[in-house]
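Chain and residue survey
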Amino acid sequence: MTDPTESAPNPPPKPTRLAPIVTLDAKFFWDAADRGEFVGEACADCGKLRFPPRPMCPHCHSVKRNEVKLSGRGTVYTWIQPRHPAPFGFKEPPIVATIELEEGYRLVSNLYDIALEDVKAGMPVEVFFVPTMGNHQVPVFRPRAK
Amino acid sequence: MARTFREAAIAGIGATEFSKASGRSELQLAAECSKAALDDAGIHPSEVDGMITFTIDNSDEIGLCRCLGVKDLAYTARIPGGGAAAVATIYQAMALVNAGLCNTVLVWRAMNERSQYRFGQPHTQNLGPQAGNGTGSLLWCMPFGAQTPATWESLAAQRYMQQYGVTNEDLGRVAVAQRKYAATNPAAWFYGKPITLEEHQSSKWIVEPILRLLDCCQESDGGVAIVITSLERAKDLRQKPVKIVGACQSIPYNVEVISNYYHADLSMMPEAEGTAKRLYAQTGMKPTDMQAAMIYDAFTPQVLKQMEGFGFCKRGEAKDFIKSGGIDIDGILPVNTHGGLIGEAYIHGMNSIAEGVRQVRGTAVNQVKNVEHVLVSSGMAGAIFEKV
Ligand SMILES: [Zn+2]
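Rules and cut-offs
- Residues numbered from 1 in each chain as written.
- Chains lettered and ligands numbered in written order.
- Predicted model: local features only at pLDDT ≥ 70, side-chain atom pairs only at ≥ 80, totals over all residues.
- Heavy atoms only, no water.
- Helix = DSSP H or I, 4+ residues; strand = E, 2+ residues; numbered from the N terminus.
- Contact = heavy atoms within 4.5 Å.
- Areas by Shrake-Rupley, 256 points an atom, 1.4 Å probe, with all protein chains shown as cover.
- Lys, Arg positive; Asp, Glu negative; His and termini not counted.
- Charge placed at Lys NZ, Arg CZ, Asp CG, Glu CD.
- Buried area = accessible area lost by both parts, 1.4 Å probe.
- Salt bridge = Lys/Arg side-chain N within 4 Å of Asp/Glu carboxyl O.
- Pairing = 2+ DSSP bridges.

**Observations concerning the overall build of chain A**
The secondary structure content of chain A amounts to one helix and eight strands. Helices (α) and strands (β) of chain A occur, in sequence order from the N terminus, as α-β-β-β-β-β-β-β-β. C-alpha atoms of chain A, sized along the principal axes, occupy 55 × 40 × 35 Å. When contacts within chain A are restricted to residue pairs at least 6 apart in sequence, long-range pairs at least 24 apart make up 53% of them. Approximately 7,900 Å² of chain A is accessible, and the part contributed by carbon and sulfur atoms is 54%. Put simply, chain A has 18 plus and 17 minus side-chain charges, and the middle of one group is 5 Å from the middle of the other.

**A word on the interface of chain B and chain A**
With 38 residues of chain B at the interface, the matching set in chain A holds 40 residues. In total, about 3,200 Å² of surface goes out of reach between chain B and chain A, with carbon and sulfur atoms giving 67% of it. Looking at the side of chain B facing chain A, the largest losses of area belong to B:Trp140, B:Phe144 and B:Leu155, adding up to 27% of the total buried there. Applying the counting rule to chain B against chain A returns one salt bridge.

**Remarks on the pairing of strand β8 (residues 136-143) of chain A**
All names here are of chain A. With eight bridges joining them, strand β7 (residues 124-132) and β8 adopt antiparallel strand pairing. Residue pairing in the sheet places Val125 in a bridge with Pro143 of β8. Hairpin geometry of β7 and β8 is characterised by an intervening segment of three residues between the two adjacent antiparallel strands and by a positive phi of about 75 degrees at Gly134.

**Topic: the sheet that holds strand β3 (residues 65-69) of chain A**
Residue and element names in this part refer to chain A. Judged by pairing direction, the sheet is antiparallel, and its three strands sit side by side in the order β2-β1-β3 without closing on themselves. Looking at which strands have only one partner, the edges of the open sheet turn out to be β2 (49-50) and β3. Both strand β1 (residues 39-43) and β2 contribute to a ladder of two bridges, which runs antiparallel. Along β2, the bridge assignment pairs Ala42 with Leu49.

Next comes the structure, spelled out in structure tokens:
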């Protein structure tokens, strides 16, 4: 932690990334992200994971849900770089990717610490969090050793 | 009134001009194209008794009725799914006529999506989940910079391209073929403006490494309307009737319109395969029965995936089919002979349905010889039109 009495001539720039859109059924996911935790939703009766979050299990139709901690590990499934028009909230175009999680489903996120031309299908990645406008966080990914 | 099954047919098509700045309201575009389609059919506008459009069309049914003087509307519906469900308007209209619930169904789509709002720009104004547009997961894309139709499409298309070694140059051949059609279509935005593969390959990246500028449809202003009635009645109207042999939709589990990343295998298109299976079962027809196809092409990869989904070639073979001239006017299956959404205009797929009608009537500017059947697909809905 920085001593608050120290002068800070270069405060970190304010995040420009759009804050997540929080719906009642996905609030648990974003609340966890704000705490720096990567979680999923499992049926409290049959145990099956599901994404995107939803109020009923499509397998057993239970409405009971459990928040489960995920490993944060996955592999790259697809990846692109939006060039034109520039995406809102980014100084440099991000790499957008669909990540296949170890737990068996995909989500859309960003890849960090790698150039577009170096990304490969199936590349192992791990989660970390970056700030957004409105003091929130979203999960993003970077390469990890196998 | 007693209801009995009646065959359905398309009796009229109509459109406004296609532009970048219509200079009038979307409701006016809707009214003009509707009047044109009803005039084409020879039906007085007051007789419309069914109306169908997209959930995302901004014109109100009652507003349009007040323009046309519709005297007693029996049924209205809107289809979710944007352009991917464009052909769903046709099966709904068919079903209403089949069931004897309506006699004159008007389908329309009109928009100023270039001059009034920018469909291709980041959709950061509509961030929240919206029911009825068939794509509720866009909120899981927005904070990550996937904010435009081109990015959403690319994230899925890349898996297909990886699986089958499809390159951006392969996609370019779709654009070149369609711009060639558009070049001889006076109604097309790109009339008189064909492109070469070199021009395609030197156009800027919209989404690297999937879509270049020339892989993308136009943001367009304009309206298209289609009038559906019974085949029996259509025979006595102004135009040669175009029979709707069959029409259907398929939305398999975990598939959605555009933030479509959650089904098992993104290298294939379950919604197109599902629609094809249902459509061929419904009609007893097969891909080789078609002399032409109009295939939804907001972006070039969609043409390849649907050609495979509808069985015009095997999975992964569309690129070779196209490279060998298969979709050209003298090819095995001419595709998007008006220039498609890429070459003519992006009226959300409805202008491609109108081209299917013209091909069956024999009145297309790029007319295919001896057309008996045309398949029209918008990805998750399809129809087969027949010459009577
Ligand atoms: Zn369950």
